[in-house]
Amino acid sequence: MLEQLIEWDRTLFYLVNSVWVNSFFDSLLPWLRDKYTWTPLYVFIVSFFVLNYKQRGVFAMLYLGIAVLFCDQISSDIIKPLVGRLRPCNDPLWDEYMRLLVRGCGSGFSFTSSHAANHFGVATFLGIVVWQYSKIILPIGFLWAALVCYAQVYVGVHYPLDITGGGVLGIFIGGGMSALFSRHFKTLVTPGK
């Protein structure tokens, strides 16, 4: 069963990385998965929460920061060494078949994707915390996280199962931290009030 799952994972990786490709995605997706691309968004989110929700906004961003820290550290320092799966760009199996569209492959292991854990953690936390005010944030956040994750496979640094595992981890941690935040603060105040 596990061998079949890994074979499907490799097949899907090959399709995304080497078959379902075009020059537009070759230009866009490396940029999309770059952590610095989203810096203005992160600054906006922090500023929005702090300016509009005051002290509760500061605490919301603190809880969000803790969620990202947990996502990143659990993925990178616990799960990746435990599983020990090579990144596709480091796996000799792919030497002749894959395209690496970014400057470095990464020296660590592949499962779970920290990018996926972090982005789905952020999307889940924010989507749940603001759910009573805006139901659109959660699906938009999931779409954003999924695009970043697809880009990780497209450029050659992660397998689809790495992304799936990281996404599940991020949703779990983001949901848990939003529940803790809600338990302590019940609700955010309406922006501007």
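The model shown is predicted, which means the values in this text are computed figures rather than measured ones.

Draft legend 1. Structural detail: a nonpolar patch on the surface. Nonpolar side chains collect at one region of the surface, where Leu12, Tyr14, Val19, Trp20, Tyr97 and Tyr150 lie side by side and expose about 570 Å² of accessible area between them. Looking at which element gives the most residues to the nonpolar patch, the answer is helix α1 (residues 2-19), with three residues. With respect to the helices and strands, Leu12 occurs in helix α1. The class for Leu12 is partly exposed, based on a relative accessible area of 36%.

Draft legend 2. Quick peek at unusual backbone geometry. The omega angle of the peptide bond from Phe111 to Thr112 is 5°, so this bond is cis rather than trans. Unlike most non-glycine residues, Lys54 shows phi in positive territory, near 55°. Inspection of the secondary structure assignment puts Lys54 in helix α3 (residues 39-83).

Draft legend 3. Layout of the nonpolar core. Grouped together as the largest cluster of nonpolar side chains are 44 residues, with contacts concentrated most on Phe49, Met61, Phe125, Leu126 and Phe181. Those elements giving two or more residues to this core turn out to be α1, α2 (23-32), α3, α4 (114-129), α5 (137-155) and α6 (160-185). The element that contributes the greatest number of residues to this core is α3, accounting for 10 residues.

Draft legend 4. Looking closely at the pattern of salt bridges. Under the defined criterion, the tally for this structure stands at three salt bridges. Its salt-bridge partner being Arg99, residue Asp26 comes within 2.9 Å of it at the nearest N-O pair. Within this pair, whereas Asp26 is found in helix α2, its partner Arg99 is found in the loop between α3 and α4, the two being separated by 73 residues in sequence. Note that Arg85 is salt-bridged to Asp162, the shortest N-O span being 3.1 Å. With Arg85 in the loop between α3 and α4 and Asp162 in helix α6, this residue pair connects regions lying 77 residues apart in the sequence. Like Asp162, Arg85 is buried. Each of Asp9, Arg85 and Asp162 takes part in salt bridges that share partners, so that together they form one network.

Draft legend 5. Looking closely at the side chain of His119. Positionally, His119 belongs in helix α4. Not counting residues up to four positions away in its chain, the partners in contact with His119 are Trp38, Tyr42, Trp144, Ala145 and Val148.

Draft legend 6. Highlighting the packing of α3 against α6. Remark: α3 packs on α6, axes separated minimally by 9 Å, with the N-to-C direction vectors making an angle of 150°. The angle between α3 and α6 falls in the class roughly antiparallel. In this structure, α3 crosses over α6, and the sense of that crossing is right-handed. Taking contact as the criterion, the partners of Arg56, Phe59, Ala60, Tyr63, Ile66, Ala67, Phe70, Cys71, Ile74, Ser75 and Ile79 in α3 are, on α6, Leu169, Gly170, Ile173, Met177, Leu180, Phe181, His184 and Phe185.

Draft legend 7. The packing of aromatic side chains, seen in detail. Enumeration over the complete set of coordinates arrives at 19 aromatic pairs. Put simply, the rings of Phe59, Tyr63, Phe125, Phe181 and Phe185 pair up and form one aromatic cluster.

Analysis parameters
Residues numbered from 1 in each chain as written. Predicted model: local features only at pLDDT ≥ 70, side-chain atom pairs only at ≥ 80, totals over all residues. Heavy atoms only, no water. Patch = residues over 30% accessible without salt bridge, like charges linked within 9 Å, V, L, I, M, F, W, Y side chains within 5 Å. Areas by Shrake-Rupley, 256 points an atom, 1.4 Å probe, with all protein chains shown as cover. Salt bridge = Lys/Arg side-chain N within 4 Å of Asp/Glu carboxyl O. Helix = DSSP H or I, 4+ residues; strand = E, 2+ residues; numbered from the N terminus. Buried < 20%, exposed > 50% of the residue type's maximum accessible area, 1.4 Å probe, protein only. Core = buried A, V, L, I, M, F, W, Y, C linked by side-chain atoms within 4.5 Å. Contact = heavy atoms within 4.5 Å. Axes fitted to C-alpha atoms, helices over the stretch in contact; angles between N-to-C directions. Parallel < 35°, antiparallel > 145°, perpendicular 65-115°, else oblique. Left-handed = near helix turned anticlockwise from the far one by under 90°. Phe/Tyr/Trp six-rings, centres within 6.5 Å; stacked < 30°, edge-to-face > 60°.

Honestly, that's just the spatial picture; any functional story needs more than this.
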